[in-house]
Amino acid sequence: EGTALPQRIFAPEKICMDWQQRQRPGAGLFNLGNTCYINVILQCLTYTPPLANYLLSHKHSQSCQQQGFCMMCTMEAHVRKVLCSSASAVLPGAVLRDLKFIGEEFEYGRQENAYEFLRCTLSAMHRACLSARHDSDDSSQETTIVHRIFRGFMKSRVTCLSCQGVVDSYKAFLDVSLDIRAASSLITVLEDCVTPKQLDQKDCFRCSKCKKKAAASKKVTVHHAPRVLMLCLERADQWTGTKISKFVEYPEYLDLRPYMSDTAGEPLLCSLYALVVHSGDTCLEGHFFCYTKASNGLWYKMDDESVDNCDIHTVLGQQAYLLFYAR
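Parameters and conventions
Residues numbered from 1 in each chain as written. Predicted model: local features only at pLDDT ≥ 70, side-chain atom pairs only at ≥ 80, totals over all residues. Heavy atoms only, no water. Helix = DSSP H or I, 4+ residues; strand = E, 2+ residues; numbered from the N terminus. Expected span 1.5 Å × (residues − 1). Buried < 20%, exposed > 50% of the residue type's maximum accessible area, 1.4 Å probe, protein only. Core = buried A, V, L, I, M, F, W, Y, C linked by side-chain atoms within 4.5 Å. Contact = heavy atoms within 4.5 Å. Pairing = 2+ DSSP bridges.

Naming follows an unreviewed UniProt entry, where the protein appears as UBP42 hydrolase of Hylia prasina.

In structure tokens, the structure reads:
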């Protein structure tokens, strides 16, 4: 599982993590029937400062040669429309029209999952960045704006319990799914994630150092933290499919340092700037809404076309499904 760490992880150009323009929040988004899962993801991405800065700069569209659908151009137009509109709500028409290009599984008018839409949207944006280039080798894939903002690396270290030999491998991620069944807080979930686990005997590996099959333990840590960390608190019980409707505490500021491969460095602080909530008794139905921090530093509840200001205590008291933290 995993690979060696790429030699060049990110392009050298600077990415601005702070808003370059400060203004009131933008427009809400009309719901055309079961499109709340689209609206929450579009709003969370719109209020992701480094992505919004890039999209508002028109850098992509000025050089885009794409014929037909381009997710980056679509997002660029959408973010500009939301943040610059004087209307209280707008229609994300281009996204709805081209839903099949974003993800084949999405069907207009059907209830879908916000997390799946997030993953497909980022993938479509990444593909659009690659198609704007003539090269599509590994090094160019590492430097799309999507990967430069959202991509991190996990390190998996397997230790042979016979000779203490170690094998390290690395895996890229754009988001992290977390099992919350036994957890009361995000911190306890993350602590459990980096606690070494003994591999089952059936999973025991052949140690390259002592050349024999042996019991082993595995520890997973964050090797390279992304600029924006997206976390999914798994609300569907993987065994029963029922919804896990409990409150899991999460902080406004998260220090990633304790969960890194190198725990000895400076604190690695991330600030919460958006979250998605699912209301409803089951995972197959219900409603999505979100909370986002606008460029003016204030929090807003965004529920389709309504945009209402709120305080941080309200934000931190939700049954969160998706959490967005920025370095």
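A.B. asks: Where do I start with helix α4 (residues 71–84) in this structure?
C.D. replies: Count 3.6 residues to each turn of an α-helix, and residues three or four apart come out pointing the same way. When the terminal C-alpha atoms of α4 are compared, their 20 Å separation across 14 residues agrees well with the 20 Å that a helix rising 1.5 Å per residue should span. Turning to α4, its buried residues number three or more, namely Met71, Met72, Thr74, Met75, Glu76, His78, Val79, Val82 and Leu83.

A.B. asks: Help me out: how do you make sense of the nonpolar core in this one?
C.D. replies: One broad rule of soluble globular proteins: the nonpolar side chains tend to lie buried together. The biggest cluster of nonpolar side chains holds 63 residues, and the ones touching the most others in it are Ile41, Met72, Phe117, Phe150, Val276, Leu322 and Phe324. Sorting elements by how many residues they give to this core places helix α7 (residues 114–131) first, with 10 residues. The contacts of Val276, once residues within four sequence positions are left out, are Val40, Ile41, Cys44, Ala114, Phe288, Phe289, Cys290, Ala320, Tyr321, Leu322 and Phe324.

A.B. asks: Explanation requested: unusual backbone geometry in the structure shown.
C.D. replies: Although it is not a glycine, Asn34 sits at a positive phi angle of roughly 60 degrees. As for its placement among the helices and strands, Asn34 is situated in the loop between β1 (28–29) and α1 (36–46). The phi dihedral of Gln164 is positive, around 70 degrees, even though this residue is not glycine. Along the chain, the position of Gln164 falls in the loop between β3 (152–160) and β4 (166–173).

A.B. asks: Help me understand the sheet that holds strand β9 (residues 216–224) in this model?
C.D. replies: One key point about sheets: their strands pair by backbone hydrogen bonds, in either a parallel or an antiparallel sense. Taken in spatial order, the four strands of this open sheet run β4-β3-β9-β6, and their pairing is antiparallel. This sheet does not close on itself; its edge strands, each paired only once, are β4 and β6 (197–198). Bridge count for β3 against β9 is eight bridges, and the pairing is antiparallel. Bridging across to β9, Met154 finds its partner in Val222.

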